[in-house]
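So you can see what is in the structure, the chains are spelled out below.
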Amino acid sequence: MAGVSPNFRVNQVLRIVIVPGFFGKQAATSTSFNDYHEVVRRYGIQNVTKLP
């Protein structure tokens with residue numbers, strides 16, 4: 001991490017979504033995992049926990 005600029009590692013917010021594998025390949029190919037809001041909408045995620 002020494003070679004990474006502080007702009008890329010300080011005060012960052014990461015959004016991580018764990019999608020169970022039982023949704024299958026078809027569901028995964030129709031969802032863009034680059035868009036957090038699309039993933040939340042597609043899988044009906046309602047409870048979001050913000051970690052300290």
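Numbering of residues starts from 1 in every chain and runs along the sequence as written. At least 70 in pLDDT is required for a residue's local features to be given in this predicted model, at least 80 for side-chain atom pairs to be given and counted, and no such filter applies to totals for whole chains, interfaces and linings, which use all residues. Side-chain metrics rest on all non-hydrogen atoms present in the structure, leaving aside hydrogens and water.

Once that is clear, we can look at the overall build of the protein. To qualify as a helix, a DSSP run of H or I must reach at least 4 residues; to qualify as a strand, a run of E must reach at least 2; elements of each kind are numbered from the N terminus. A tally of helices and strands in the protein yields three helices and zero strands. Going from the N terminus to the C terminus, the protein shows its helices and strands as α-α-α. Every accessible area reported is derived by Shrake-Rupley at a probe size of 1.4 Å, with residue values counting cover from the shown protein chains alone. Roughly 5100 Å² of accessible area belongs to the protein as shown, and the carbon and sulfur atoms make up 55% of that amount.

Surface patches are drawn from residues lacking salt bridges whose relative accessible area is over 30%; two like charges belong together within 9 Å, two nonpolar side chains (Val, Leu, Ile, Met, Phe, Trp, Tyr) within 5 Å. Salt bridge, as applied in this entry: a Lys or Arg side-chain nitrogen positioned within 4 Å of an Asp or Glu carboxyl oxygen. Taken together, Leu14, Ile16 and Ile18 make up a surface patch of nonpolar side chains, about 430 Å² in accessible area. Inspection of the secondary structure puts leucine 14 in the loop between α1 (6-9) and α2 (24-29). The cut-offs for exposure are 20% and 50% of the maximum accessible area for each residue type, with area from a 1.4 Å probe on protein chains only; residues under the lower value are buried, those over the upper are exposed, and the others partly exposed. The exposure class of leucine 14 is exposed, given its relative accessible area of 70%.

Each residue carries a pLDDT score, the predictor's own confidence in it, on a scale running from 0 to 100. Summarising the model, the protein shows a mean pLDDT of 75, and 77% of its residues fall at 70 or more. In the model of the protein, α2 stands out as the element of lowest mean pLDDT, 56, in contrast to helix α3 (residues 36-43), which has the highest, 82.

All right, on to the environment of arginine 42 then. When you line up the elements, arginine 42 lands in helix α3. Linking arginine 42 and serine 32, residues 10 residues apart in sequence, is a C-alpha distance of 9.6 Å.

The complete set of buried residues in α3 reads Val39, Val40 and Tyr43. For α3, the buried positions fall inside an angular range of 95 degrees around the axis, keeping them on one side. Its side-chain oxygen placed 3.1 Å from the backbone nitrogen of histidine 37, aspartate 35 serves as the N-cap of α3. Immediately downstream of α3, the backbone of glycine 44 shows phi near 65 degrees, a positive value. Each C-beta atom gives one direction from the helix axis, and the arc is the one those directions make. Within 3.5 Å is the distance limit for a polar contact, defined as a pair of N or O atoms, with the added protein rule that one can donate a hydrogen and the other accept it, and that residues adjacent in sequence qualify only through two side-chain atoms.

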